[in-house]
Amino acid sequence: MKKSLVSMLILFFVGLQGVLAQNREISGVVTAAEDGLSVPGVSVIVKGTTIGTTTDFDGKYSLNVPEGENVLVFSFVGMTTQEVAITGSTLNVVMENESIGVEEVMVVAYGVAKKSSFTGSAATVDADALKDTPVTSFEKALSGNVPGLQVSSASGQPGAATEIRIRGIGSFSADQNPLYVIDGVPVTTTSTGVKYSGEEGSTTTPLSTINPADIESVTVLKDAAAASLYGSRAANGVIVITTKQGKSGKTKFNFSTSHGITDLAMDNFETVSGEEFIMLQREGMMNTAIDKKGLTGTAAEDYVNTEMAKYFPTPANGKFTDWDDELLRQGQIHNYELSASGGNEKTTFFASVSANQTDGVARNSDMERVTGRLNLTHKATDKLTLNTNISLGSVKQNIALGGSYYANPFASSRLFLLPTDMVKNEDGSYTERSRFGFYNMVREYSLNERSSDTWRNTINSSLKYDIIEGLTFKTTFSYDWLNTDNLIYSSPLSRAGKANKGEVYRRNNKNMVMTSSNILTYDKTINEQHHFNVLLGYEVEENRRKSSTAEGYNVPQGIKVNDGAAKPNTVSGYDDKSTLLSYIGKIDYDFMNKYYISASIRRDGSSKLGDDERWANFWSVSGSWRMTQEEFLSGVEWLDDLKVRASYGTNGTLPVDWYAHQALYSVNAYNGEPALDYSQISNAELSWEESKNLNIGTDFRIFSRINGSFEYFVKKTESMLMEVPLSRVTGFSSMWQNIGEMENKGWEFTLNADILKDSELKWNASLNLSHYKNEITKLSNGETIFDFPYIRKEGEAYNTFYLRDWAGVDPTDGASQWYVQEDGKRAKDENGNFIKTKNPGAAAKAIVGKADPKLQGGINNSLSYKGFNLNFLFNFSLGGDVYNHAGYSQWSDGNEHAYAIGKDQLKRWQNAGDNTNMPKRYYDSDTRSNWNSSRRVLKNDYLRLKSLTLGYNLPKAWIEKMSIANAKIYFTGTNLLTFSSQDVFDVEQPVHGSTTWEIPTVKTYMIGLNIGF
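As a starting point, this report considers the structure included with it.

Conventions we followed
- Residues numbered from 1 in each chain as written.
- Predicted model: local features only at pLDDT ≥ 70, side-chain atom pairs only at ≥ 80, totals over all residues.
- Heavy atoms only, no water.
- Core = buried A, V, L, I, M, F, W, Y, C linked by side-chain atoms within 4.5 Å.
- Buried < 20%, exposed > 50% of the residue type's maximum accessible area, 1.4 Å probe, protein only.
- Helix = DSSP H or I, 4+ residues; strand = E, 2+ residues; numbered from the N terminus.
- Axes fitted to C-alpha atoms, helices over the stretch in contact; angles between N-to-C directions.
- Parallel < 35°, antiparallel > 145°, perpendicular 65-115°, else oblique.
- Left-handed = near helix turned anticlockwise from the far one by under 90°.
- Contact = heavy atoms within 4.5 Å.
- Nonpolar A, V, L, I, M, F, W, Y, C, P; charged D, E, K, R; others polar.
- Polar contact = N/O pair within 3.5 Å; in protein donor to acceptor, adjacent residues only side chain to side chain.
- Phe/Tyr/Trp six-rings, centres within 6.5 Å; stacked < 30°, edge-to-face > 60°.
- Lys NZ or Arg CZ within 6 Å of the ring centre and 35° of its normal.
- Pairing = 2+ DSSP bridges.

Counting residues in hydrophobic clusters, the biggest one holds 32 residues, and the most contacted among them are F269, L327, F410 and W997. Ranked by residue count, the leading element in this core is helix α6 (residues 409-416), at four residues.

Our next topic: the packing of helix α3 (residues 274-292) against helix α4 (residues 297-311). At a minimum axis separation of 9 Å, α3 and α4 run at an interaxial angle of 135°. Looking at the two axes, α3 sits oblique to α4. Note that α3 runs across α4; the crossing there is right-handed. Contacts between α3 and α4 involve I278, Q281, R282, M285, M286, T288 and A289 from the former and A300, E301, Y303, V304, N305, E307 and M308 from the latter. Its residues assigned to classes, the contact of α3 with α4 comprises eight nonpolar, three polar and three charged.

Before going further, it helps to spend a moment on the environment of N764. Tracing the backbone shows N764 in strand β37 (residues 761-778). Judged by its relative accessible area of 22%, N764 is partly exposed. Beyond its immediate sequence surroundings of up to four residues, N764 is in contact with N752, A753, D754, N860, N861 and S862. Separated by 3.3 Å, the side chain of N764 and the backbone oxygen of A753 make a polar contact. Polar contacts involving the side chain of N764 include one to the side chain of D754, which spans 2.8 Å.

This next bit is on the packing of aromatic side chains. The full count for this structure, using the stated rule, is 34 aromatic pairs. Summarising the aromatic geometry, the rings of F269 and W997 are spaced 4.6 Å apart at their centres and angled 45° between planes, so their arrangement reads as tilted. Residue F269 is found in the loop between β17 (249-264) and α3, and its partner W997 is found in the loop between β52 (966-980) and β53 (1002-1012); the two are separated by 728 residues along the sequence. Here F269 and W997 have matching classes, each one buried. Ring geometry for F438 and Y899: centres 5.6 Å apart, planes at 50°, overall tilted. Of the two residues, F438 is situated in the loop between α6 and α7 (441-445) and Y899 in the loop between β49 (881-883) and β50 (937-939); the sequence distance between them amounts to 461 residues. Of the aromatic side chains, those joined through ring pairs into one cluster are F277, Y311, F312, F436 and Y923. Here the basic side chain of K292 rests over the ring of Y922, its NZ or CZ set 4.7 Å away from the ring centre. When the ring centre of Y819 is taken as origin, the NZ or CZ atom of R826, which lies over that ring, is 3.9 Å away.

Let us look at unusual backbone geometry. In the segment running from F788 into P789, the intervening peptide bond is cis, with an omega of 0°. Mapped onto the secondary structure, P789 falls in the loop between β38 (785-787) and β39 (790-792). One non-glycine residue with positive phi stands out, namely D893, at about 60°. Residue D893 is classed as buried on the basis of its relative accessible area of 0%.

Looking now at the pairing of strand β22 (residues 449-468). Where strand β21 (residues 384-398) meets β22, 15 bridges bridge the pair, whose relative direction is antiparallel. Bridge pairing links I390 to I459 in β22. Two elements, β22 and strand β23 (residues 471-490), share 19 bridges in a ladder whose sense is antiparallel. Bridging across to β23, D466 finds its partner in T472. Adjacent in sequence and paired antiparallel, β22 and β23 are bridged by two residues, among which G470 carries a positive phi angle near 90°.

Set out below in structure tokens:
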């Protein structure tokens, strides 16, 4: 009865207040300036009161506003808050996205930070740069978006790994890839696929199991202040991936599908046509007959005709074989994604499923990916929050062989198989091999298989408890399980399986990473001037990898399991474990939002090192000064923000080999019994590589529309890991040691401008530039290492080419020439002219180029007009050299007559006075013109249209009757245009700058549809 009375009194007074107050109803619709679509969930509050509401699913709101209150405040995460005066009963508002500036919030090591208070060096790429870019692995979309980040696609096969370098090469022999962190937890990126000797990079990567559409943002941590909290794994930088989370409100569904085609981005290693091939072979034979054999007239003609009929007969039907048509194709991409997001004030969720089918440009390469994700956050009480992220990924690949193997379809089409070779015999059966013994890859395709099935399951759960105001405890547990089944099957009818009557090779690899961390954070502001944030933590990681391999011979046709092998060949495997124990500490302090100081320390202990070297400390100190907070700049109206910052600290790199410090035995068979064999010498002093990083930078924002930054960095790597040769007297060929030092120093610049933002046409443009110089500063005993085609020498860059110095073609006779060297420089005669020789044996090697570019960067533009939007990105590189190692036979000038001929050979020398870089052709005669030299070192300057997306948001009037919130159709493409200083091979080469026969980078054309409901 008492409770009922109280309730009646409350209702009475509430009702009385409503009668006394003269309210008026204000309603309207909130839309986004970017695309004109409605924005649900916008907070609408009467200024200075607690009276408010939120917009519904269609962006509509209705609010009773008391008399005398004339301003509404509209706010939404990621958009600029607006205060709007009430001018009538209907008030429609257009909200703009927050400009990228100093107040941007980004995810950093073990937390988040405002860019205005961040004292380190980091760059953020948001979901818009990833969601519509057709890539099989998200890191490929980072190219051109981050200064100092070098992205190289070593292979164009679907699902292949990508080389990422942050601020240059950080090591000789240790891992050079950055650390990847997903939702706060470091994850494994080690490939579990099979790699043949000579293949470049890896054909599989665990990163391909992540759906790029699930990613909210990617933050690249570049200096010690940003990355030191990751300690022994952060010397090569850190890439922090944050996946999408749910937001409270009505559940939103999003469906997208896209379909497209792929092709080679450039005409790589283009070969001559069949008619040109015949012409060039005849010319080379005639030159050999006359100049080398002394034949003339009919005798010379007879020699040429005989050789041509024997080795290069024109097909009877006059149709030459185009091996590109037979071995390569136009690839296809089909992608489907469905996601849901929503929740209430207690529980929010994001869930997604996706399927991707990508058929590569090689007929036997493709990838199928299926992913699923559930990110769940539950606020159990006002103090306790639970979070769980679960992801599943399955990737199935058929893989084309890489390297210079005959079974590589790309190498076969441009190197081993000739236009005069036939695909089929007259009876319609496949030919087995060419006249020079190279096998018909079309036939081999139908007989053999190389595949990889990868399954990845990750679970990341955390519990956060607010102990008292400002003091928070968070515990996290993560388990990352990666399993890959690899199959290599060679039919007994194929060249690869013929010798052993069929082969079947299966390998199963498992990688399991378990991570647990406990973090205590205290955030406190004293007297509204002194702000502290203190972090203390403890983390442990256990990494376990298992492998089992079985190979069998004498396998019936079509049997791809080991028990089908009549003759077991080899069985092998391993079961390894490594652990990492870490203690973490960090303190941030700022005074009056002007002066910022930060310090961090991490102590790591690793099982990969011996007892005396197991522990190491990694630390950083940094600070910044927001000068615009000072009174002496308060009157500068055009200057919105100016900050200077500096940092110094250390990171580390662990040995790649988990047991490199230990003396090891291997178990082998001896007379049918197991026997131990001493296989590795110990090095108890083996330790970490240590990277010392200095970073000085400034951030600025002017005219409320232009912002940018400039940074100078020096990165020194000490105690570098190298496999050092040993005297054979020891019984071992080499051992791992810490020797050598290297330095990378350079600068980075970014500029972002809202060129048009106050009209219906909006235009944002950004530019990023980076330069670095790599230098080896110390080697063991100062001894130079010669590693063809490179020289590793103190004072030189790691990827420095050391070859004979080619002097071009003598225009009088078409012969190759080389410069004579004296003391590492071109020798001169008494008249000051360079001395040349036509004998490469008399031409010493010299430094002839460097792979590292002098300047690289990206130019990004984003335009929108009403429902249309256009985004395009150019990336570029200037000053780097590439050694065309793969072009040895294509540029043989007739010396390697059994191989295909590169199109550049059409520029060969023919008559006295010709100026060209292609010497006179000779058939099967060692003119030594194709000896390894700077002839094949080419400048690799380029500008590439890396990505382009043109989209249209369908008008709301068209779709609202179908209960659809938004719908967008779009076209997107990658690598659409390329302008380069050379047209021999694709501009995207491995970081080391030497060409390979891997399947090159592809370009894509796709159309897509995105629907929200």
